[in-house]
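Coordinate inspection notes
One letter stands for each residue in the lines below.
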Amino acid sequence: MNEAIKISVFSHIDDSVAVMSSIASMGAFHPEKTDRLKNDIIFENMEILADLLVKIENARGELEPYFSGNVKSSKTIPFSELIETSNNILKTFSEKILPSLQRIRNVEMKKLTIKEDLKMISNINKNTNFGPINETKSSFLSGKMPSKAVKHFQLMLSERLPDSVVVFGPWEGGWDYVLIGTSDDVQLESLLSEFTWIPLYLPKIRGTVAEFKDSLLKENQDLDRELSVLHSSVLKFALKFYPNLLTSKEMLNNYYKVLGISKYAKKSDFFILIEGWVLKKRFSRFKNTLTKIEGVEIFKEKFNPNDAPTLPDHPKAVDPFYSIVSLMGPSSQGSIDPTLSVSFFFPFFFGMMLGDVGYGCAILFLTILFRKQVDKLFDLLLGSYFSSFSWVLIVSGFSSVIFGFLFGEVFGVSITPVLFNRFENIEALLVSSFIIGLIHLNLGFLIKLIGDIKKGALTIITNLSWISLQIGIFGMFFNFTAGLLIATASAVLLLRNGGLSSLFVMFSLFGNMFSYLRLAAIGLSSFGIALVVNQLAAMSGSAKILILVFGHTLTLVIGIFAPFIQAMRLHLIEFFSKFYEVGKRVFNPLSLTHEHTGGDLIW
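My aim in this report is to walk through the structure given alongside it, one point at a time. Quantities reported herein were computed from a predicted structural model and do not represent experimental measurements.

Thresholds, definitions, all that
- Residues numbered from 1 in each chain as written.
- Predicted model: local features only at pLDDT ≥ 70, side-chain atom pairs only at ≥ 80, totals over all residues.
- Heavy atoms only, no water.
- Buried < 20%, exposed > 50% of the residue type's maximum accessible area, 1.4 Å probe, protein only.
- Helix = DSSP H or I, 4+ residues; strand = E, 2+ residues; numbered from the N terminus.
- Polar contact = N/O pair within 3.5 Å; in protein donor to acceptor, adjacent residues only side chain to side chain.
- Contact = heavy atoms within 4.5 Å.
- Patch = residues over 30% accessible without salt bridge, like charges linked within 9 Å, V, L, I, M, F, W, Y side chains within 5 Å.
- Areas by Shrake-Rupley, 256 points an atom, 1.4 Å probe, with all protein chains shown as cover.
- Salt bridge = Lys/Arg side-chain N within 4 Å of Asp/Glu carboxyl O.
- Expected span 1.5 Å × (residues − 1).

**Topic: unusual backbone geometry**
Most peptide bonds take the trans configuration, and most residues that are not glycine carry a negative phi. Its identity is not glycine, yet Phe411 carries a phi of approximately 50°, on the positive side. Assessed through its relative accessible area of 33%, Phe411 is described here as partly exposed.

**Notes on the side chain of His314**
Positionally, His314 belongs in the loop between β11 (297-300) and α9 (322-326). Looking at His314, its side chain comes within polar contact range of the side chain of Asp337, at 2.6 Å. Sequence-distant contacts of His314, defined by excluding residues within four places in its chain, comprise Asp319, Tyr322, Asp337 and Thr339.

**Brief notes about a nonpolar patch on the surface**
Taken together, the side chains of Leu327, Leu377, Leu380, Leu381 and Leu382 define a hydrophobic patch exposed on the protein surface, amounting to about 510 Å² of accessible area. Structurally, Leu380 can be placed in helix α12 (residues 371-382). A relative accessible area of 70% places Leu380 in the exposed class.

**With respect to helix α11 (residues 357-369)**
The end-to-end C-alpha separation of α11 is 18 Å, in line with the 18 Å expected for 13 residues at 1.5 Å each. Burial in α11 covers these residues: Val357, Gly358, Tyr359, Gly360, Ala362, Ile363, Leu364 and Thr367. Where α11 is buried, its residues contact α10 (339-354), α12, α13 (390-407), β12 (409-410), α18 (518-539) and α19 (544-575). For α11, the side-chain oxygen to backbone nitrogen distance between the N-cap and Gly358 is 2.8 Å, and the N-cap itself is Asp356.

**Re the pattern of salt bridges**
In the structure shown here, the tally under the stated rule is 19 salt bridges. Salt-bridge contacts for Glu275 lead to Arg36; the nearest nitrogen and oxygen are separated by 2.5 Å. Of the two residues, Glu275 is situated in strand β10 (residues 271-279) and Arg36 in the loop between β2 (29-32) and β3 (39-40); the sequence distance between them amounts to 239 residues. Among the salt bridges present, the one from Glu219 reaches Lys110, with a minimum N-O distance of 3.5 Å. You can see Glu219 sitting in helix α7 (residues 209-260) and its partner Lys110 sitting in helix α3 (residues 79-121), a full 109 residues away along the chain. Looking at Glu219, the relative accessible area reads 31%, which means it is partly exposed. A relative accessible area of 35% means that Lys110 is categorised as partly exposed. Among the ionic contacts, a cluster of salt bridges with common partners joins Glu57, Arg60, Glu64 and Lys249.

Structure (C-alpha cells):
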C-alpha cells in the first residue's frame, strides 16, 4: 500500500497563488484544513470563476448533442484573458445560438401536441362534422362512456337538454366516444354525474375530422422543414463553437481548483500555511519542485498512521476489481492491497458456481453488447468505483465458460466433462470446494502475516498458528492422529497468546471454512434449475420454445445474481476479516485536468 506522510508548506503571502498553482499542477498533494492559524485566505476571483463555470457548462450541455468529432488540444491562456474570452463566448452563444435552441424546443413541443391531437381524433369517424358544436355558445365536453349506457344517456339528454348537440364514435375496449355541446353547463354536469363518465382532452376541431387531420398533418410537415433548417444551423455552429466551450470550461475549472486550495490554507500578516499529505515516494520530487519558489519551506509533521489517507496499490489492469475491495472502505496505512488476489478469486468463485458454457457465453455477449449501460447501472447503484464493473463480469463470464467445459454443462445439458460431472460426483465437488476455501482463507492469514512482520515474533507465531490449525483440521481427514496433534498444538498456542477471545475466533473460523461449501451448493442448484427447465420443455409440446427461452432467461438472471452475491460474501466476510483493516479515508490529491488543454496556468 502506498504510504502518505503529513507535511506543512509555508510561503510568503505574495507568492500564495504561485505556490497553489505549483501544488495543483503536480497532482500529488492531499490538502487538509489546519487550525494552526486563524485567518482565512479569500480570493474575490473565485465567485467570478464559479459563475462563469456554471454558465459555460450550461452552454456546453446545450450544444453537446449537436457535436461529433475530436477536439484539438489548446494551450492554456492567462487568467485575465480567459475571463474576457469566456464572457465573449457566452455573449455569442446568447445572441446567435440560444434563440435557435429555444425555437427548436418550442417546435418540438408543438409537434408533440399535434401527435397527441392526431391520436385523440383517430377513433372518431372522419366524416363527423364539428361545425354545429363550434357554433354553440358554450364549450363542448369530450369523454368515454360504456356502450350500454350511451343510448340511455342520449334519451335523458334529449329530454333535459333538447338544444344539445351530441356526437358518438367508437372507442377502444368496447367503449363509446361521447362529445356534447350545450348551453346549460349546470344541468349537463348534473346529468353526467348519474353516468360512468371519463373526461378526455379533445382539440377544438373545425369542420370535419378528415379536414382537421389534413390541416394537422400539413402543419406537422411545415414544422419538420423548420426543424431541419434550425438543426442544420445549430450543427454548423456547434462544429466551430463547441470546442471553444469545452476548452474554456477545462481552463476555468483548473484555475478554480487552484484557488480552491485556499479553503484549506491559513494566513498571517506575512506568510501562508497549507497542511496536507504527500505520498512518501513522491515527497522528494514534490519538495524540490516547490522549493524552487523563493521563500517556500516544507516540513514533515508527526502524525498517527491511523489518521493518514491511503491510496490503493495494485496494477492498473486489475483496477475494476478494486470496486469489490472498496465496499470495505479504504484500507489503513501500511496494509497490503488485496485487489490482485480478488481479481483471480472473484471470477474463479463466480465461474465455479455458474459453471455452464451457454450461460457464460450469454454473460460475455450481453455484457460486451451493453457494456456502457452495465457500467452506468453499477455506478448508479454502488458508486463510482463500479464504473468499470463490466470488466469484472466479462472475466467472470469467461471463467464460467471454462468451468462449463470442466463440468460438461451447456444450458443444463450434460456434455463430456474435462474434469468431472458435478451432479454425478457431488463428493468430489464438496471436497474441492473445501480445499479451495482453505487456500483462500490461508491466503488471508498469509497477507496478515506479511503485514505484521514488523510487529514482533509473538504476532508472527499467532498468525502461523491460525494457518497450522486449519492444516491440522484438514489433515485429520487423511491421518487423524497427525492432524489432531497439529490442530491441538496450534489451538494451545492461540489460547496462550490470545486468551479466551481466540476461542471465539476458532469457532468463527470453522464457520468460515464450511462456508465455502456454497461453491458446490450454488453450482448444483444452478444446474438443477436448468435441468428442470429442459425437462419441462421436453414435455410441453407446442410451448417448448417459449418455456426454453423464458426458463433459461430466468435461470441466467438467477445465475448472475446468486454467484455474484455469494462470491462477494466470501470475500467481504470470510476473506477480508482475516487481515483487512479499514482506514479513515482515501488519498485524493488535488490535480488539474489536461484532456483538451496544456501548459502552465498564468496569473
